[in-house]
2 protein chains.
Amino acid sequence: MIDESIRPRLGIIGGLGPLASADFYFKLTRMTEALRDNEHVPSVILSVPQLPDRTEAIIAGHDGPLAPLQAAVSTLNALEVACIAMPCNTAHHWYGQLAANSRAEIIHIGDAVVAEIRRNLNRGCVANLATRGTLVSGFYQDRISAAGFDLCLPANAEFQERVDNAIALVKAGSIADAATETERALHLAQLAGADAALLGCTELSVVAASLNDTNGLIVIDSNAALARACLTRLGYGVQEARGLPTVSRLPEQDRLPWQRAS
Amino acid sequence: MIDESIRPRLGIIGGLGPLASADFYFKLTRMTEALRDNEHVPSVILSVPQLPDRTEAIIAGHDGPLAPLQAAVSTLNALEVACIAMPCNTAHHWYGQLAANSRAEIIHIGDAVVAEIRRNLNRGCVANLATRGTLVSGFYQDRISAAGFDLCLPANAEFQERVDNAIALVKAGSIADAATETERALHLAQLAGADAALLGCTELSVVAASLNDTNGLIVIDSNAALARACLTRLGYGVQEARGLPTVSRLPEQDRLPWQRAS
């Protein structure tokens, strides 16, 4: 179906949301050990922001996003990709059905994240900054526990509210405000005993490089973890990403009082 | 061929190079007047970094990149896109052949850039920071002259060397160094009488937001111009991009002496 001269190796289901996909593509490129264009991964990003909201579907108990996700998987398979990545954690609720109908391997973001956690710490307590859909789906709880880490769930309702705000702010394009909300959630996670915090929604990966000092809390970026897993799976050398996109904030913006909290 | 639920409206021929495409996707997303995922443009990016080098082909007088570019256009047409963008200036050397074989309109980056120049100045002298391939191709000289602007071509050979260095450095992932080289080229352009400088290679668009003060020289970003043209063509509201990706530089890095030059 596709001419061999332009055949992609990696298929990406993007647009969930668009800025999170752009962040993934940027990180995939920056993390590739390459000096010239043709040392990079041939890929195709199918950006489908028109999909029904994943969290709403999971909470309501319906499978609205499944059919278009399956259509995206079919299209990428028709383009003869070797493997597929979905830089959207919540969409992995339907991973089983999607993988069962795909010739190309779908790289699970949860597996990529667990590998990334292990690269950063041996044991300890991990908090997950994720959508309510991802939390209801439960695939992170299973994986993180099975890998021998404790889960840290801040009891304070403010924690999830801050996470929800940060995600919505990224979708609305307000990255600096989203970073502030993310820092507040990270602060609450640390108060609840977390050693590490997973940015378990790729919207939050967009703000990862814009976060201020996190007072020793280890931050795991699910988009960066997925990019590393894709490159490794396809046999590309991986380098630490230098100079990821950041958004500078005005100096007068309120700062999180990490010092007082510790 | 593609399910209506995931049909893309914009097709993007990317990977020329990959970081330039990521920058385009980022700017397209940031410039879309949208607060939610489904207010963004459904799109597909076919990232083909494996293509033969465009400048080498133009200088050597062969059409090596044409067949794979035509294959990319065919694939995007098969995915039923409404229009196509190529965030690579040099590839527009083959625009005529590509457009003649595409049902979907291919939005010419040169037309987008001329519209962007007009938004920024009424008349004056414009320098073009572009690959040697783009300069030999000549499509910018024609368009900029036809729009009533003067072309500024710095006689100093150092100008093009700095431009070439900057492009190669972005492809090698050294964005901060590329920004320094770009600033030196901009400085030489201003010394040669330029009122505005076109970043006429999308590699240079990657460093646009990382440039230090350019001493009043107007800088036109070809990726941002193309993103604006795509959004307008497809009927989306355009906003000024807030918080584009920047790469911070170490303070001890040498600074361009704009003040001494003026």
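Below, the structure is looked at part by part. Every chain's residues receive numbers from 1 upward, in the order its sequence appears when written. As they are written, the chains are lettered A onward and the ligands numbered 1 onward, keeping that order. At least 70 in pLDDT is required for a residue's local features to be given in this predicted model, at least 80 for side-chain atom pairs to be given and counted, and no such filter applies to totals for whole chains, interfaces and linings, which use all residues. Values shown for side chains rest on all heavy atoms present in the structure; no hydrogens or waters enter the calculation.

## A word on the sheet that holds strand β5 (residues 125-129) of chain A
Residue and element names in this part refer to chain A.
So, step 1. By the convention used here, strands pair only if DSSP detects at least 2 bridges between them. Put simply, DSSP H or I for four residues or longer makes a helix, DSSP E for two residues or longer makes a strand, and each gets a number counted from the N terminus. The strand order across the open sheet formed by four strands is β6-β5-β7-β8, and the pairing between neighbours is parallel. This sheet does not close on itself; its edge strands, each paired only once, are β6 (150-152) and β8 (218-221). Across this sheet, the average inter-strand angle for adjacent strands is 30 degrees, counted without regard to direction.
So, step 2. As judged from the four bridges shared by β5 and strand β7 (residues 196-199), these two strands associate in the parallel manner. Think of each axis as a best-fit line through the C-alpha atoms, taken over the contacting stretch in the case of a helix, with angles from 0 to 180 degrees between the N-to-C directions.

## A few points about the side chain of His108 of chain A
All names here are of chain A.
So, step 1. In this structure, His108 sits in the loop between β4 (105-107) and α5 (109-120).
So, step 2. The buried label goes to any residue with under 20% of its type's maximum accessible area, the exposed label to any with over 50%, and the partly exposed label to all in between, with areas taken from a 1.4 Å probe on protein chains only. His108 sits in the buried class, given a relative accessible area of 4%.
So, step 3. Residues adjacent in sequence count toward polar contacts only when both atoms are side-chain atoms; beyond that, a polar contact is any pair of N or O atoms within 3.5 Å, and within protein one must be able to donate a hydrogen and the other to accept it. A polar contact is formed between the side chain of His108 and the backbone nitrogen of Gly110, at a distance of 2.8 Å.
So, step 4. Those residues in contact with His108 that sit more than four places away from it in its chain are His92, Tyr95, Phe139 and Arg143. Note on contacts: a residue pair is in contact if any heavy atoms of the two residues lie within 4.5 Å.

## Brief notes about the pattern of salt bridges
So, step 1. The rule for a salt bridge is simple: a side-chain nitrogen of Lys or Arg has to be within 4 Å of a carboxyl oxygen of Asp or Glu. According to the stated counting rule, one finds 32 salt bridges over all chains in the structure shown.
So, step 2. When the shortest N-O distance is used, the salt bridge between Asp37 of chain A and Arg54 of chain B registers 3.0 Å. Of this pair, Asp37 of chain A sits in the loop between α1 (18-31) and β2 (43-47) while Arg54 of chain B sits in helix α2 (residues 54-60), which puts the two residues in different chains.
So, step 3. Among the residues examined, Arg54 of chain B registers a relative accessible area of 6% and is labelled buried.
So, step 4. The partner of Glu105 of chain A in a salt bridge is Arg233 of chain A, and the shortest N-O contact between them spans 2.5 Å. Residue Glu105 of chain A is found in strand β4, and its partner Arg233 of chain A is found in helix α11 (residues 222-233); the two are separated by 128 residues along the sequence.
So, step 5. Under the relative-accessibility criterion, Arg233 of chain A is labelled partly exposed at 40%.
So, step 6. Look at the salt bridges and you will find they share partners, linking Asp37 of chain A together with Arg54, Lys171 and Glu203 of chain B into a network.

## Here we look at the side chain of Thr214 of chain A
Residues and elements named next belong to chain A.
So, step 1. When you line up the elements, Thr214 lands in the loop between α10 (202-205) and β8.
So, step 2. Under the relative-accessibility criterion, Thr214 is labelled buried at 13%.
So, step 3. Reaching out from Thr214, the side chain makes a polar contact with the backbone oxygen of Leu217 at a distance of 3.0 Å.

## Quick look at the interface of chain B and chain A
The figure often quoted for interface size is the accessible area lost as the parts come together.
So, step 1. Contacts between chain B and chain A engage 51 residues on the former and 51 residues on the latter.
So, step 2. Counting each side, the surface lost to burial between chain B and chain A is near 4,200 Å², with a carbon and sulfur contribution of 60%.
So, step 3. When the buried surface of chain B facing chain A is broken down by residue, Ile6, Tyr25 and Asp37 of chain B rank first, second and third, together holding 16% of it.
So, step 4. For the interface between chain B and chain A, the tally reads four salt bridges.
So, step 5. A salt bridge links Lys171 of chain B to Asp37 of chain A, with the shortest nitrogen-to-oxygen separation between them at 2.8 Å. Simply put, the buried area is the total loss of 1.4 Å probe accessible area from both parts when two parts are fitted together.

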